[in-house]
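Fold and contact review
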Amino acid sequence: MDHLSQIIDHFKLTAGVFYTGKLCGLSHFNENEALEGHIHLLRSGVLAVNGLDKSPLVLDQPSIIFLPRPTKHSLKAREIDNAELICANITYDSSSTSLLADALPDMLILPLESSPFLQTNIDWIISEAGDEQQGRQAVMNRLMEIFIINMLRSLLVKGELARGMLAGLMHPQLKQVLQQLHNAPQENWSLNKMAELALMSRSKFAEIFKTVIGQTPNDYLVSWRVATAQSLLKQGKSVSLVANSVGYDTASALARVFRKTCGMSPKQWLDSLSL
């Protein structure tokens, strides 16, 4: 399996289309601090986007508005603006945090004309939205997930993700290290071992890793181990088994890292998912 597919599968990105049609008025999102990101596809018309405490951004051409993390924002359009939209929420394995989401900018605004092949995905969603066949919602959701994956692939190929895990996967020296860390988090990963794999000195590796990924090598390793542990815990595996699977000798060692990273023990974290 290619590495982007592994990342998508690991974090179980899911999308739920909740609106297709014309927007007239003001719509708010994440006002109740919901743990989800959003994607809005402006098919036609004019739309004002408010968010991230910035001045309103007015879009007058077909565009993608992508907010990968929970972010308070609003969309506004007048009757005469004829803003046609598709809106969906995005979640990652029912967790409040995700290395995948954190690897992306707070907000991405992409003109659709820069990626015309994505229009085909939109046409599929619109066709399904106008149909009354059984399974319509499920099909729209899956098509939106395909759209998001294609968008991420396009951003990677174009080199438009300058920082974060996905940027690291495109870096000629860091990608090998990340792939090994992801595939074997249980290994004893020292800074020396990682630097040797990248064919760099310790100091140069640490500097480039922090610049590209946004974290130190050790902090990233801990984040990946915790994310992997969360996935295994949700599968019903014991804390002791999970600890060994992600590089910790004992359940208590994993619990200490969990509390430092998540603010709660593995059991408390699992219990919080059912609230």
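Quick look at the structure, then. (Residues numbered from 1 in each chain as written. Predicted model: local features only at pLDDT ≥ 70, side-chain atom pairs only at ≥ 80, totals over all residues. Heavy atoms only, no water.)

Here's the deal with the overall build of the protein chain
The criterion, for reference: Numbering of helices and strands runs from the N terminus; a helix is a DSSP stretch of H or I covering at least four residues, while a strand is a stretch of E covering at least two. All radius of gyration figures rest on C-alpha atoms, and the globule criterion is 2.2 Å times the number of residues raised to 0.38. The classification of residues rests on relative accessible area computed with a 1.4 Å probe and restricted to protein chains. Under 20% of the type maximum is buried, over 50% is exposed, and intermediate values are partly exposed.
A count of helices and strands for the protein chain gives 12 helices and 9 strands. By the compact-globule yardstick of 19 Å for 275 residues, the protein chain fits well, its C-alpha radius of gyration being 20 Å. Counting only C-alpha atoms and orienting by the principal axes, one finds that the protein chain spans roughly 60 × 40 × 35 Å. Looking at the protein chain residue by residue over its 275 residues, the buried ones come to 46%.

Looking at the environment of Leu57
Among the secondary structure elements, Leu57 is positioned in strand β5 (residues 57-59). A sequence separation of 20 residues divides Leu57 from Gly37, and the C-alpha atoms of the two residues are 19 Å apart.

Brief notes about the packing of aromatic side chains
Inclusion rule: A pair of Phe, Tyr and Trp rings is counted when the ring centres sit within 6.5 Å of each other, with Trp represented by its six-membered ring. The angle between the planes then sorts it: under 30 degrees is stacked, over 60 is edge-to-face, the rest tilted.
Per the counting criterion, the structure on display carries 4 aromatic pairs. When the centroid spacing of 5.5 Å and the interplanar angle of 55 degrees are considered together, the rings of Phe205 and Phe209 count as tilted. With Phe205 and Phe209 both in helix α8 (residues 202-213), this residue pair falls 4 residues apart, about one helical turn. The buried category is assigned to Phe205, whose relative accessible area is 0%. The exposure class of Phe209 is buried, given its relative accessible area of 0%.

Observations concerning the sheet that holds strand β9 (residues 108-111)
Spelled out, the test is: DSSP calls a pair of strands paired once it identifies at least 2 bridges connecting them. Angular values range over 0 to 180 degrees, each being the angle between N-to-C directions of two axes fitted as lines to C-alpha atoms, with helices fitted over their stretch in contact. By the convention used here, residues are in contact when the closest approach between their heavy atoms is within 4.5 Å.
The sheet built from 5 strands is open, its strands ordered β1-β8-β3-β6-β9 with antiparallel pairing. Of all strands in the sheet, those bounded by a partner on one side alone are β1 (13-23) and β9. Neighbour-to-neighbour, the strand axes of the sheet open up by a mean angle of 15 degrees, direction not taken into account. Pairing of strand β3 (residues 37-44) with strand β8 (residues 83-92), which is carried by 7 bridges, proceeds in the antiparallel orientation. The partner of Ser44 across the bridge, within β8, is Glu84. Along the sheet face, helix α4 (residues 136-158) touches β1, β3, β6 (63-67), β8 and β9 and points at about 105 degrees away from the line of β1.

Some remarks on unusual backbone geometry
Phi is positive for Asn82, close to 50 degrees, though the residue is something other than glycine. Here Asn82 shows up in the loop between β7 (73-77) and β8. Here Leu199, not a glycine, exhibits a phi torsion of approximately 60 degrees, which is positive. Here Leu199 is to be found in the loop between α7 (191-197) and α8. Residue Leu199 is classed as exposed on the basis of its relative accessible area of 76%.

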